[in-house]
Each structure stands twice: as structure tokens, then as C-alpha cells.
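What follows is each chain in one-letter form.
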Amino acid sequence: DGGGGSTTRRVLTASAPMSPAHKRVRPPGTPSSPPPTEKDWNHEYQLLWDQNLNESDATSFQQRMQLRLQIGRLAKEFTDVATELGKIIISEVRRPHHLKSIQPIDVGGVGGGLKYISNNIFFKFVVDEWSIYGGNEYAMKSGKHELRGSQLFMNMASRRQISNALHMPLMCVIDWLGFRVVAMSILPITDTTLVYGSADGAQTLKFDSDVSKIMAAAAKCLNLHEHWVATRDGETKYKFHSCGDVEAHRALDDRLYLLDTHRIMPPCAPQLSPDDYRSAPSSTPLVELAKKHVVDAERSAHAALPRPKGAFLYRLMRPEFVARYGEPLSADGFCMWARGGSGEEQLQQINATLKTATAELR
């Protein structure tokens, strides 16, 4: 599913037993966890977020500030609890599973490493377990991109730039001892709640007109390009304003949730063209690399150094640059998602625009 993929989708309604971490005596140096809690993080957060989005002109300044303080306190509490539990999970990563205080769960999926549920929070290691990123350091970037993508949509909803019908989970990133773990509040979604996007790498594709309108409004704010996305067999295709592997769920609580936002921004071009080689001074290492890897640069306009593996998953443009760029840019460049509907022609057009934009960055 583009490398990131929703492995969380199958577990976000799971009812995991309370972690026994609070009942055991841990070795010296192991972080201690907070007291067990039955808090439904998502329910409390969404109630406050709905109030925030539905404020009217009649809402007093004191009421607005009080609501924002409540949201801030809940977010801080979630981050504190998730961080403590995340430190325990990371500290015990090398232990055999049967000796871990918080047991990992098996939810399948392509991207990422071990997954856990504790205190109504879902945790996943951000590692390149299946060699789709080119290394753990690149996989870790995707974890931060997911958080930033979610924040982009929250900001647009707060500014009334998009519909307030779209909701995000509580989320934070824990960096500890060289590992990165993403923590997310458990959502009331299942395998059957997906209404927009793909959760299986374009084997199937869902489309919802209401979600599409919201994504179109978001694309206008972010300066993203509309493009065709199709299933692998080409039988089903829709026009998307976002990346094809984003997921929107119409959940069991009747809210609309957006997940897998790690590829919302367009990717930078993962390689340089022969023109870039020729324009570089002859004394630079770049020319030496060109001589080594490109036999005849004039033979093809597409000749270049080997692509960094999975670069479209993590080497993304900043939203500030994309918003100010002279034309819309696609989030599905340099990957199979943009082949939908018109074969390679659409992908080549998208990639050419992204190469030009990347050249301006350099």
C-alpha cells in the first residue's frame, strides 16, 4: 500500500487486556508506567474537538480559552501516558516476547515492526522490517510524516478551510534509545468502515463523494493536483486529490476519520537527470558518480543514478513550498499509484512537474 499501509485498521477496535506491566517488578533502569486507566482517549478527545469546531460567534472568549485548555490537558495526558508506556515497550524490545511486560500483538501488514495495545493506546515500531524504505532511518521519517499530515488537516479544519466532518486520532511520536514508536488512540473502526482510499495496496479502492469534496477543499489549500487512481487490475478508477493509500473511515460512532496521512505531501524527485550532471562543475563528486553510473546520458532523457529505495515514502516537500509553488503538485509521483486510468502517461506528466519543482529546491 505504498509502504506505509494501515496495519492499525484491524486492531483499532480491539479490546486488549490491561497490560500486566503494573503488576510486575521490573529490572533496575526500566521506566515505570503510570497507573492503569480505562480512559477512552478517542471518545473524550472527539467530544472536545467537536465543541471546538462548532464554536459560534456567540461563544465567549473565556469559553473558547477554557475549551482549548481542556483539549491541551487531554493531549498532554495522552502524550505523557503514551510516552511512559512507549519507553517500556522500547526498553524491552530485545526481550523474548514471553518476558515482555506489554505483549506484542499480531495484526499483519507490510510496513513497520512490532505492534502493541496498552491502556487503550495502539503502538507501532517504525522500522524498515520488510526493506521497502531502504533503511530504518528512512522508515522513521514516515512516522513523523504521518503526524504532520494529521496536523495539517486539523489546522485546516480549525481555520474552517475544510469541513469539520473530518476527524483525526490523538497521536504522538516517541523517540527513545534510537527507536521510534508511533502511538495512536484506538478508534471505533473495523475492516468494513473504510469508505475512501485503499488499505490493501490498490487491490481494492473505495470512493465516497462526501470525502472527495473535503479532500478537494484540502487540495486547494495545500496546492495538490487531482489525478486518476486505479486498482491494480485497472477495473476500478477514481479521481483523487490526495495520495491513493490514504484512508477515510465512516466509523461506528458515525464520525469520519482520516488515517495514513504520511504521504499527503508530494515527493521530491528521487534522482537527478543527465542535464543536472552536465550543469555541475567538473570538479564535483556528482560528475564522478555520473561517469560511474550513466554509460550514455545522451541516449535517454530518463537516464540517471539508481533511485534511492522507497524515496517517495519519506523524501517529501514541505507544505509551505508546495502551497507557494506556481502549479498544483501530485502526492502520488514516482510510484505506482499515479498509473491509474491513463497508464504511464499520467505518471510521466506528474513526475516531470515534480522534477522541475525539485530542481527549484536545489
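Residues numbered from 1 in each chain as written. Predicted model: local features only at pLDDT ≥ 70, side-chain atom pairs only at ≥ 80, totals over all residues. Heavy atoms only, no water.

A separate point is the overall build of the protein. Helices and strands together make up the secondary structure of the protein, namely eight helices and 11 strands. Counting the 362 residues in the protein, one finds 52% classified as buried. Sequence separation of at least 24 residues holds for 69% of the intrachain contacts in the protein that already meet a minimum separation of 6. Summed over all atoms, the accessible surface of the protein reaches about 17,200 Å², with 51% contributed by carbon and sulfur. (Helix = DSSP H or I, 4+ residues; strand = E, 2+ residues; numbered from the N terminus. Buried < 20%, exposed > 50% of the residue type's maximum accessible area, 1.4 Å probe, protein only. Contact = heavy atoms within 4.5 Å. Areas by Shrake-Rupley, 256 points an atom, 1.4 Å probe, with all protein chains shown as cover.)

Here five strands make up an open sheet; going across it, the order is β1-β2-β3-β6-β5 and the pairing antiparallel. Edge positions in the sheet fall to β1 (104-105) and β5 (171-176), since each has one partner strand and no second. Note that strand β2 (residues 115-118) and strand β3 (residues 121-125) share four bridges and pair antiparallel. In the strand pairing of β3, Lys 115 is matched with Lys 124. (Pairing = 2+ DSSP bridges.)

A separate point is the sheet that holds strand β10 (residues 247-250). Taken together, the four strands give an open sheet; going across it, the order is β4-β11-β10-β7, and neighbouring strands pair in mixed fashion. The strands lining the two open edges of the sheet, one partner per strand, are β4 (166-167) and β7 (194-197). Both β4 and strand β11 (residues 256-259) contribute to a ladder of two bridges, which runs parallel. In the strand pairing of β11, His 167 is matched with Tyr 257.

With that out of the way, let us pick up the pairing of β2. Looking along a regular strand, one sees the side chains alternate between the two faces of the sheet. Every second residue of β2 is oriented toward a common face, with Lys 115 and Ile 117 on one face and Tyr 116 and Ser 118 on the other, all of them buried. Relative to β2, β1 is paired through two bridges, and the arrangement is antiparallel. Among the inter-strand pairings, Pro 104 is bridged to a residue of β2, identified as Tyr 116. Between β2 and the antiparallel strand that follows it, β3, lie two residues; Asn 119 among them carries a positive phi value of about 55°.

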